[in-house]
6 protein chains.
Amino acid sequence: MSVTRIDGRTPNQLRPITFTRSWLNNAEGSVLVEFGNTRVLCVASFTPGVPRWLHGSGKGWVTSEYAMLPRATHTRSDRESVKGKLGGRTQEISRLVGRSLRSIVDMQALGENTIVIDCDVLQADGGTRTAAITGAYVALVDAIDWAKGKGLVAPHKTILTQSVSAVSVGIINGLPMLDLCYEEDVTAETDMNIVCTGDGNFVEVQGTAEGKPFDRTLLNGLLDLGTAGTAQLAALQAAALGK
Amino acid sequence: MSVTRIDGRTPNQLRPITFTRSWLNNAEGSVLVEFGNTRVLCVASFTPGVPRWLHGSGKGWVTSEYAMLPRATHTRSDRESVKGKLGGRTQEISRLVGRSLRSIVDMQALGENTIVIDCDVLQADGGTRTAAITGAYVALVDAIDWAKGKGLVAPHKTILTQSVSAVSVGIINGLPMLDLCYEEDVTAETDMNIVCTGDGNFVEVQGTAEGKPFDRTLLNGLLDLGTAGTAQLAALQAAALGK
Amino acid sequence: MSVTRIDGRTPNQLRPITFTRSWLNNAEGSVLVEFGNTRVLCVASFTPGVPRWLHGSGKGWVTSEYAMLPRATHTRSDRESVKGKLGGRTQEISRLVGRSLRSIVDMQALGENTIVIDCDVLQADGGTRTAAITGAYVALVDAIDWAKGKGLVAPHKTILTQSVSAVSVGIINGLPMLDLCYEEDVTAETDMNIVCTGDGNFVEVQGTAEGKPFDRTLLNGLLDLGTAGTAQLAALQAAALGK
Amino acid sequence: MSVTRIDGRTPNQLRPITFTRSWLNNAEGSVLVEFGNTRVLCVASFTPGVPRWLHGSGKGWVTSEYAMLPRATHTRSDRESVKGKLGGRTQEISRLVGRSLRSIVDMQALGENTIVIDCDVLQADGGTRTAAITGAYVALVDAIDWAKGKGLVAPHKTILTQSVSAVSVGIINGLPMLDLCYEEDVTAETDMNIVCTGDGNFVEVQGTAEGKPFDRTLLNGLLDLGTAGTAQLAALQAAALGK
Amino acid sequence: MSVTRIDGRTPNQLRPITFTRSWLNNAEGSVLVEFGNTRVLCVASFTPGVPRWLHGSGKGWVTSEYAMLPRATHTRSDRESVKGKLGGRTQEISRLVGRSLRSIVDMQALGENTIVIDCDVLQADGGTRTAAITGAYVALVDAIDWAKGKGLVAPHKTILTQSVSAVSVGIINGLPMLDLCYEEDVTAETDMNIVCTGDGNFVEVQGTAEGKPFDRTLLNGLLDLGTAGTAQLAALQAAALGK
Amino acid sequence: MSVTRIDGRTPNQLRPITFTRSWLNNAEGSVLVEFGNTRVLCVASFTPGVPRWLHGSGKGWVTSEYAMLPRATHTRSDRESVKGKLGGRTQEISRLVGRSLRSIVDMQALGENTIVIDCDVLQADGGTRTAAITGAYVALVDAIDWAKGKGLVAPHKTILTQSVSAVSVGIINGLPMLDLCYEEDVTAETDMNIVCTGDGNFVEVQGTAEGKPFDRTLLNGLLDLGTAGTAQLAALQAAALGK
């Protein structure tokens, strides 16, 4: 294909992806993930015990909170802590990240332990929620390994049934493109986020027509591109984890 | 197919759908929509003028707020007004309804007018967000006709480029099912909401693996079922509007 | 008297009153009450157990929350859940409805059970708080009968010592009028809400001079009209309950 | 009558009432009012200009805010500023005080000026809202005289059409009593607040059966007692103002 | 020195200081403290028991809340309870007062009891936080004596290891001045608050260059003046307490 | 001195200090500052225009917001955005950082422009507020140079009258120590933060006795240590800026 993207990539090419593990000294798992200029700090905090509604269930809990620093974006946004309320977008993405991670966790194997994964966007250039999910998985693996090392969960247990990664895809000038940067994202006619397990099944599919509604053919094109992208990300996660 | 659903429907059968227009005396458009026992009051309020960021743009604005009465559900929930904050689910659905409606509105044709569509769930039995979108469209049509009647928008203008409707689909015991009721919804392995225009294109596709991740074949099955369901709903909307 | 009211009623005539019981499928008591165009959904939720400060007291608790849908009124109001705080009017009426209902409940007989009564105004045309009290009583009776049927309270116990109903009265052009509709309410010089038991005693009397202060003679006229009105409402409640 | 009250008063006797004017150095009107041990600081702030919705109307605005210091009562209450929301009781009383004062103000004569009257309860021993209204009137007179002295309103204008005062009455052991102190208030079967103008008309009448509902005879007894009490208070206000 | 201050004081002279103990009837300790026109009501509430994180520690807890009435200042400020959030200044001063008092309390000797000290500024003319600390100490002594009298703490225990007082100092026209009033405060180049124990040691030193940064010589001058001022205040506290 | 500190430093030795400029792509000034393991991202956002109360004054505005990521500390803290309110500590530090920066800005020279400096603690190991001030100065210089480059302020104007830096000092086992790490900070008897200009004058001095009150000699020792430390920091800032 001879389409030229803003940053010179081909339509099905990811941006440069990096995972910097143990970015913080004290957290059980901490990863600075970068999708091009998008930079998200994913920190997994492991704590024995579960919320009240799970007491005595033998099951664990995994949840996530997503946020952006005020100047992660081109112009400064007001802090939600100062405004005194969480925006709808923040809550929506926090819920998405949490669900995505829970889909691969065997809560029975985790036992009555809680893992909270904070995803703070330090710099935003499109695809922050998919970078967050992809980095959060790596932090989650590290936190579980830490807990196994401490004897807080049994070392032989398989707590994560799969890996999970996510990528955005979109239609620009009628063509599906992988892993949109901000400048592409604002012009996309349709924007879709795809969350897949390492073995290629879907955890979440969220497509939105920003401009005109899209037909089944374009949807299929987006799904093809997204599953290929998440497969690449799964390989990069495995490499980062040395597995 | 010989599968028996909880309420005796076939897998691809909608629940009984009704639209009661002009349910309120004063609103520009008001529809009580029922999908079986799910009952949502959709009210469109038309006001000349737009939010500040659209002043002078010549364009209109359409937005939506979704909420549930405290005892719409089996057990009473606390009011968000009493808690002093909106939950993530409420904001997420409000945003979805608003986006869905905006996808079919020609804001230039609407001119500098604002339509707010309140979707209040009086009784919840699964599929409240899809019923809300489906009923909101009918209320929107009525509000625009009212505005044309009052001369607030030019009668000859085509403000709505399409109709829009929505339905939930899900996988139960490995099989795709249309328009889940609450009891089905809690047991579904995957839950998907599909929003389509009257001419069969996608506005939103949101699928979530509640249990195990789903493969492309199941996804295709859900998409087939959903597009067939929204086509039926489009016909029912047209009938209710006498068009 | 030859005074003609806006809607053709005589000064001491109620609007058409209807009670639709079991308006919801799942609530222990639910009544759609209508005073003319005023339409309030009153839903009683019965739960075993009491707030902490009543633990071990052997006594029950009854409380109420009143709210309005955003487009219940002629022009749309912002949601209190979106604003993040309850308005003074909302809290004031919630407290009034709760007090009125508690005045006729034998908390010892109720035992350690809680009944919350939600009064949501679907359409407002004056007298929403008095309609709420009047409908809430009927929902309360149904919820208690449900609890007796379930064996949650002893069937032979008299939990409600009386019935209770409420009506608004006001002075328009110097003359006392019963059950004001919205258009009358805004022009009334004095507005009074009267809450009475079925045997004709006062539970609440709240009169406010909106325009010029009123003398004892007018006050007496309002009290006469109000007690006659609540007596009629008590009869209508009994009829709706088939008692 | 030979009834002995807790503090030795006769049933129709007020507690010792004092008004200390100019209790603050800078406020346009400030009065420390005492009804026995109840001590309320009433401060009137006069500002040229009105809220936006009155711009250009030629009319002024009077409003009030009531609050209690945390240890005004026998046991300490949490601050509403710390809790981050106003309680229903606080808002209800603020609204009552504001309405009562507005009932005697000629807003046209006041012109486009705003008076806010803060009533802060420093010590509470029953009847705080009625003491607040009674003291606020005196502060209001002082603020208006100040404004006349400054030429902010024309000196010859009659801005206050009447005086206004308020008192609580209640039924204790079946007998009406005037101006209840806290210890009486908690045992009262019925509690009523009466707000009257100096010429003896009613501005507000709010009666609540705390225990058993009350009949018309008792209501009449309370009204007699209340109007006699407010007449005495009107005389005390006039004396304090040197009029 | 021949410098003339606004109110005729010498640079190292305090304003007239008064302590009115037992200003409220019911509080365990209550002091109206005045530093010239600054008037703060300091009320100590003693309660058996401690916050959860101290249960079983054998230690007590002392905390403080500072606030201003809306018209304590020259122009009216909005209430923080109405705004729904505490301002930064309020929280900062509350924390300072609490820390200052805790510095002289032997929590082990206090035992599992809590003392909350509310400092409400009734009139503000500069130095409200230092007046609050100085008055709060006196209220604290009274509350502890009350608790000893009630047998809630052992009478022979020394709970307060020292007295504590505070004063503001500042640089005006290049000269250090003691105990600034509001008019001086707004023109000061540097503003410093000094909290000292009765035996002359520092508990808090907080200096801020409002205008140009200050050198070590000026800082030393401020510290000299402040320690002399707090020594005088310690003597006045002792006199007020009859010790 | 032969005292050994936890991390092997001498009492008057700073931790390793680094400034990474332009840490973000889009901000006008962005510096990742590190004091040992303490890591703060300081981002200066430059915007033409000023808050309403400065319109037409010809003066600019500089302000700051300080915050911590939830897992910057050893155990995870709840987000203030989720709690819906800013803590007192957060507001206190934000105010301190803002005041410190404003002390060296010539607002007239800045003209009607606003600079907001966000200081987000990514990792906390003591001294976060002093690191924030020290890093914020560097970001501020870069933002002003950017604005000069864009012609938004005149290149020849001296907007910053001085540099500013800050350091913590404390008393441990009776000895003054410079630049405490977290482990030292929790055991310090006295904790002091000193903010100085590059030419050695004080902007802020804030000392608090965490344990026993401190005398003048110890205070002098802390001031000596702090001024020496800020002098070193000023040199490091200049080096980082290549000046």
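Notes on the structure follow.

About the thresholds
Residues numbered from 1 in each chain as written. Chains lettered and ligands numbered in written order. Predicted model: local features only at pLDDT ≥ 70, side-chain atom pairs only at ≥ 80, totals over all residues. Heavy atoms only, no water. Contact = heavy atoms within 4.5 Å. Buried area = accessible area lost by both parts, 1.4 Å probe. Salt bridge = Lys/Arg side-chain N within 4 Å of Asp/Glu carboxyl O. Polar contact = N/O pair within 3.5 Å; in protein donor to acceptor, adjacent residues only side chain to side chain. Helix = DSSP H or I, 4+ residues; strand = E, 2+ residues; numbered from the N terminus. Nonpolar A, V, L, I, M, F, W, Y, C, P; charged D, E, K, R; others polar. Least-squares fit on C-alpha atoms with pLDDT ≥ 70 in both. Expected span 1.5 Å × (residues − 1). Buried < 20%, exposed > 50% of the residue type's maximum accessible area, 1.4 Å probe, protein only. Phe/Tyr/Trp six-rings, centres within 6.5 Å; stacked < 30°, edge-to-face > 60°. Lys NZ or Arg CZ within 6 Å of the ring centre and 35° of its normal. Pairing = 2+ DSSP bridges.

Quick notes on the interface of chain D and chain E
Part 1 of the reasoning: Contact residues are listed per partner, giving 31 residues for chain D and 31 residues for chain E.
Part 2 of the reasoning: Buried surface at the junction of chain D and chain E, summed over both partners, amounts to about 2,900 Å²; 48% is from carbon and sulfur atoms.
Part 3 of the reasoning: In terms of surface lost to chain E, no three residues of chain D exceed R71(D), R76(D) and R79(D), which account for 22% of the buried area on that side.
Part 4 of the reasoning: Here D118(D) ties to R76(E) by a salt bridge, and the two come within 2.5 Å at their closest N and O atoms.
Part 5 of the reasoning: Counting across the chain D and chain E interface gives 22 residue pairs in polar contact (both at pLDDT 80 or more).
Part 6 of the reasoning: With six residues, strand β5 (residues 113-123) of chain D is the single largest residue contributor to the side of chain D that touches chain E.
Part 7 of the reasoning: Split by residue class, the side of chain D that touches chain E holds 14 nonpolar, eight polar and nine charged.

So, the side chain of T208(B)
Part 1 of the reasoning: For T208(B), the location among the structural elements is in strand β9 (residues 202-209).
Part 2 of the reasoning: One polar contact links T208(B) to E204(A), side chain to side chain, over a distance of 3.1 Å.
Part 3 of the reasoning: Among all residues touching T208(B), those that are not within four sequence positions of it are R99(A), V203(A), E204(A), E189(B), T190(B), D191(B) and F214(B).

Thoughts on the relation of the copies chain D and chain E
Part 1 of the reasoning: Mapping chain D onto chain E calls for a rotation angle of 180° and an axial translation of 0.0 Å; the resulting RMSD is 0.0 Å. Expressed as an axis order, the relation between the two copies is that of a two-fold axis. Scanning chain D for the C-alpha nearest the rotation axis identifies S81(D), at a separation of 1.8 Å.

With respect to helix α6 (residues 216-240) of chain C
Residues and elements named next belong to chain C.
Part 1 of the reasoning: Here α6 spans 36 Å end to end across 25 residues, near enough to the 36 Å set by a 1.5 Å rise per residue.
Part 2 of the reasoning: Considered for burial, the residues of α6 that qualify are L219, L222, L223, L225, G226, G229, T230, L233, A234 and Q237.
Part 3 of the reasoning: The N-capping residue of α6, defined by a side-chain oxygen 3.2 Å from the backbone nitrogen of T217, is D215.

With respect to the packing of aromatic side chains
Part 1 of the reasoning: Per the stated rule, a full pass over the model turns up 21 aromatic pairs over all chains.
Part 2 of the reasoning: A centroid spacing of 6.0 Å and a plane angle of 55° characterise the contact between F46(A) and W146(A), whose relative ring orientation is tilted. In this pair, F46(A) sits in strand β3 (residues 38-48) while W146(A) sits in helix α4 (residues 128-149), placing the two residues 100 residues apart along the sequence.
Part 3 of the reasoning: A relative accessible area of 6% places F46(A) in the buried class.
Part 4 of the reasoning: Across from the ring centre of W23(F), 4.6 Å away, lies the NZ or CZ of R39(A), which sits over that ring.

Re the pairing of strand β6 (residues 164-172) of chain B
Residues and elements named next belong to chain B.
Part 1 of the reasoning: The buried fraction of β6 amounts to nine of the nine residues, a majority that puts the element mostly inside the structure.
Part 2 of the reasoning: The alternating pattern of β6 places V164, A166, S168, G170 and I172 and S165, V167, V169 and I171 on opposite faces, both of which are buried.
Part 3 of the reasoning: Pairing of β6 with strand β7 (residues 175-178), which is carried by four bridges, proceeds in the antiparallel orientation. Following the sheet pairing, I172 is matched in β7 by L175.
Part 4 of the reasoning: Two successive antiparallel strands, β6 and β7, enclose a turn made up of two residues, where N173 displays a positive phi of approximately 50°.

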